[in-house]
Amino acid sequence: MSDAAHAHDDHGHHAHPTGIMRWLSTTNHKDIGTLYLFFALIMLFVAGTMALLIRAELFQPGLQLMHPDFFNQLTTMHGLIMIFGVIMPAFSGFANWQVPLMLGAPDMAFPRMNNWAFWVLPVAAFFLMASFWLPGGAVAGGWTMYPPLFIQGGISYDLTILAVHIMGLSSIMGSINIVTTILNMRAPGLTLMKMPLFCWTWLITAYLLIATMPVLAGAVTMLLTDRNFGTHFFNAAGGGDPVMFQHIFWFFAHPEVYILILPAFGIVSQVIPTFARKPLFGYASMVYATASIAILSFVVWAHHMFTTGMPVAGQLFFMFSTMLIAVPTGVKVFNWVATMWKGSMTFETPMLFAIAFVCLFTIGGFSGLVLAIAPVDIQLQDTYYVVAHFHYVLVSGALFSIFAGIYYWLPKWTGHMYNETLGKWHFWLSAIGMNIVFFPMHFLGLAGMPRRIPDYALQFTEFNQIATVGAFIFGFSQLIFLVIVLKTIKGGAKAPARVWEGAEGLEWTVPSPAPYHTFEIAPVVK
Amino acid sequence: MAGNRNSKYRTAAILAVIALGLFLYTLYAGLK
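The following refers to the structure shown.

Definitions and cut-offs
- Residues numbered from 1 in each chain as written.
- Chains lettered and ligands numbered in written order.
- Predicted model: local features only at pLDDT ≥ 70, side-chain atom pairs only at ≥ 80, totals over all residues.
- Heavy atoms only, no water.
- Salt bridge = Lys/Arg side-chain N within 4 Å of Asp/Glu carboxyl O.
- Helix = DSSP H or I, 4+ residues; strand = E, 2+ residues; numbered from the N terminus.
- Buried < 20%, exposed > 50% of the residue type's maximum accessible area, 1.4 Å probe, protein only.
- Contact = heavy atoms within 4.5 Å.
- Buried area = accessible area lost by both parts, 1.4 Å probe.
- Polar contact = N/O pair within 3.5 Å; in protein donor to acceptor, adjacent residues only side chain to side chain.
- Nonpolar A, V, L, I, M, F, W, Y, C, P; charged D, E, K, R; others polar.
- 1 Å grid on protein atoms, 1.4 Å probe; cavity = no way out; pocket = protein on both sides within 12 Å on 5 of 7 lines; lining within 4 Å.
- Points joined across faces, edges and corners; volume = space filled by probe spheres on them.
- Expected span 1.5 Å × (residues − 1).
- Phe/Tyr/Trp six-rings, centres within 6.5 Å; stacked < 30°, edge-to-face > 60°.
- Lys NZ or Arg CZ within 6 Å of the ring centre and 35° of its normal.

Section: the pattern of salt bridges
All names here are of chain A.
- Applying the stated criterion to the full structure yields five salt bridges over all chains.
- Put simply, Arg-227 and Asp-158 hold a salt bridge, and the shortest N to O gap is 2.8 Å. Of this pair, Arg-227 sits in helix α7 (residues 197–228) while Asp-158 sits in helix α6 (residues 155–184), and the two are 69 residues apart along the sequence.
- Residue classification places Arg-227 among the buried positions, given a relative accessible area of 16%.
- In this structure, the salt-bridge partner of Arg-277 is Glu-501, at a minimum N-O distance of 2.5 Å. Remark: Glu-501 occurs in the loop between α17 (461–490) and β2 (517–518) and Arg-277 occurs in the loop between α9 (262–276) and α10 (283–296); sequence separation between them is 224 residues.

As structure tokens, then:
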């Protein structure tokens, strides 16, 4: 792609701060990417521990380990942290590391704003976590923050609103940075339609974030004034409308689903061509499919609200618009499979996670189509079928793509190869464990088990026990991932500049580990 | 567009105005 990579090590003429100040004051995209990824890793174990507590409680019917209110706090915080504290920061970490490297840019467009966008996140996480120790405990009304529960709770609800504001601000700052970098700082010759697909998916994701995060901020601001300043936006007793909150929330939260999955599409679209040793099949159609999914995501929100009651015409509109998303998504799955078709494939850990992504995300997509059918959704609303559906999308979708991306780029970031044997152990235990947790939940949901309950009827016992066993296999196998990452940072076989034989792109033209400063002189792309 | 690094402030300002506008519009929609 490029004639030469202009990279060199640290300058002699200015000193970098060391120790904690290096990380607090850094404006380097690689440092900030690392910070995002470590933050996401820590929060993965925090929210994962909550998931294991939830599953331990659900191992048997009856109340075993905790008060039902604490159970509700765990489900709420697990959702909020996994979305805002794990998946989104992890993708931001990838964007910070990879977008400038892939574009041949020396850094992000606004490095100081980049620093702020990261460092407000731990503050938000502190507010969220601290609420566990406040009177009344953490928020327990579900991650969707629906009134009237969210208007009635204690001080932790105000802290959560503050945390959501901070996380939203962080996302908007990060997104403005990414859009500006991609539109203004590409290397000469690197046209938009030559950009790696990861950059395209993040460009579209950043637009989605800029368009939806302010809507969430507006919704939680109204919640805040309802709680503290006597307004009645969502308080039916004062003439407000709680269903309006659901409309505003889901206008944010459905595009948010795509914010959580489009960068995953980007990562998988980098990994599969590398290990199939073929260019990505249908690059242009991938770009248009990504844009189509993003546009459609704004007109499907009320499929989350079929049971609130709406005219048949409304139900039909939201049902068909939701089903329409399967078309561009199908284009993507087809293109990934076509890329692998007759390729010289090898199955290193990143490729294993990418293939599992294609298979298992598709299962999550199909159960989404089932839920899109209004009369079916009315039966399955708030059952474990929904829990199964979105975990297939977010665990075997978003999280598996994050694992694929980490294994794919970790040698570039650290300069060391990871342990392939341990990587394969991590993959197989994760893939098997994940299916043992979440597949039985389809049956539980179809049989009528509601979500967000600490106790259940006897007939649901067996599938719940299977799910809990799977959860512990999946959860503890993530310790292998932790060991692999720490070992790779510490040492290991030296990684070459082009880590993978089939890898294409500017990031592979710089040495491994990528020097602190790269592309100070822009490369020319032919 | 590539290489034109002065236009980054214009791009960022437009995006920030869009974000602020959407926030205010959401509040306005809630008031109606």
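Topic: the interface of chain A and chain B
- Each partner contributes residues to the interface: chain A has 26 residues there, and chain B has 20 residues.
- Taking both partners together, chain A and chain B bury about 1900 Å²; carbon and sulfur atoms supply 73% of that area.
- Looking only at chain A, the three residues that lose the most surface to chain B are Phe-110, Asn-184 and Pro-214 of chain A, adding up to 26% of its buried area.
- Taken together, the links from chain A to chain B amount to zero salt bridges.
- Here chain A is connected to chain B by three residue pairs in polar contact (both at pLDDT 80 or more).
- When contributions to the side of chain A that touches chain B are tallied by element, the ones reaching two or more residues are α6, α7 and α8 (242–259) of chain A.
- Counting residues per element, the side of chain A that touches chain B draws most heavily on α7 of chain A, which supplies 10 residues.
- Considering only residue class, the side of chain A that touches chain B consists of 21 nonpolar, four polar and one charged.

Here we look at empty space enclosed by the protein
Residue and element names in this part refer to chain A.
- Tallying each qualifying case throughout the model produces two cavities of 30 Å³ or more.
- Within this model, the largest cavity holds a volume of roughly 190 Å³.
- Forming the boundary of the largest cavity are 20 residues, of which Tyr-36, Met-88, Ser-92, Ser-170 and Ser-171 lie nearest the centre.
- With seven residues, α6 is the largest single contributor of residues to the lining of the largest cavity.
- Looking at the lining of the largest cavity residue by residue, the class counts come to 12 nonpolar, eight polar and no charged.
- For the second largest cavity, the calculated volume is near 40 Å³.

Some details on the side chain of Thr-225 of chain A
- Relative to the helices and strands, Thr-225 of chain A resides in helix α7.
- Setting aside chain neighbours within four positions, we find Thr-225 of chain A in contact with Gly-230, Thr-231 and Phe-233 of chain A.

Some remarks on helix α12 (residues 326–340) of chain A
Residues and elements named next belong to chain A.
- For α12, with 15 residues, the first-to-last C-alpha span of 21 Å sits near the 21 Å given by 1.5 Å per residue.
- Among the residues of α12, Pro-328, Thr-329, Lys-332, Val-333, Asn-335, Trp-336, Ala-338, Thr-339 and Met-340 are the ones counted as buried.
- Those residues of α12 that are buried are in contact with α7, α9, α10, α11 (312–324) and α13 (349–372).
- Note on α12: the residue one or two positions beyond its end, Lys-342, has a positive phi of about 60°.

Some remarks on the layout of surface pockets
Residues and elements named next belong to chain A.
- Taken as a whole, the second largest pocket encloses approximately 540 Å³ of empty space.
- Taken together, 26 residues line the second largest pocket, and the ones lying closest to its centre are Thr-34, Leu-37, Phe-38, Trp-97 and Trp-413.
- Among the secondary structure elements, those contributing two or more residues to the lining of the second largest pocket are α1 (20–25), α2 (29–57), α3 (68–103), α15 (384–414) and α17.
- For the lining of the second largest pocket, the element with the highest residue contribution is α2, accounting for eight residues.

Re unusual backbone geometry
All names here are of chain A.
- The omega torsion of the bond from Pro-147 to Pro-148 falls at 10°, within 30 degrees of zero and hence cis.
- Secondary-structure assignment places Pro-148 in the loop between α4 (111–130) and α5 (149–152).
- In this model, Ser-512 is joined to Pro-513 through a cis peptide bond whose omega is 0°.
- You can see Pro-513 is positioned in the loop between α17 and β2.
- One non-glycine residue with positive phi stands out, namely Asp-382, at about 60°.
- Residue classification places Asp-382 among the partly exposed residues on the basis of a relative accessible area of 35%.
- Notably, Phe-519 is not glycine yet its phi reads approximately 55°, a positive angle.
- Note that Phe-519 resides in the segment after β2.

Focus on the packing of aromatic side chains
Residue and element names in this part refer to chain A.
- As enumerated under the stated definition, the model contains 50 aromatic pairs over all chains in all.
- With 5.1 Å between their ring centres and 85° between their planes, Phe-249 and Trp-250 make a pair best called edge-to-face. Across the pair, exposure class does not vary: Phe-249 and Trp-250 are buried alike.
- Between the aromatic rings of Phe-251 and Phe-298, the centroid separation amounts to 5.7 Å while the plane-to-plane angle is 45°, which identifies the pairing as tilted. Separated by 47 residues along the polypeptide, Phe-251 in helix α8 and Phe-298 in the loop between α10 and α11 bring together distant segments of the chain.
- Overall, Phe-298 belongs to the partly exposed group, its relative accessible area being 22%.
- The ring of Trp-23 has Arg-22 lying over it, and the distance from NZ or CZ to the ring centre is 4.3 Å.

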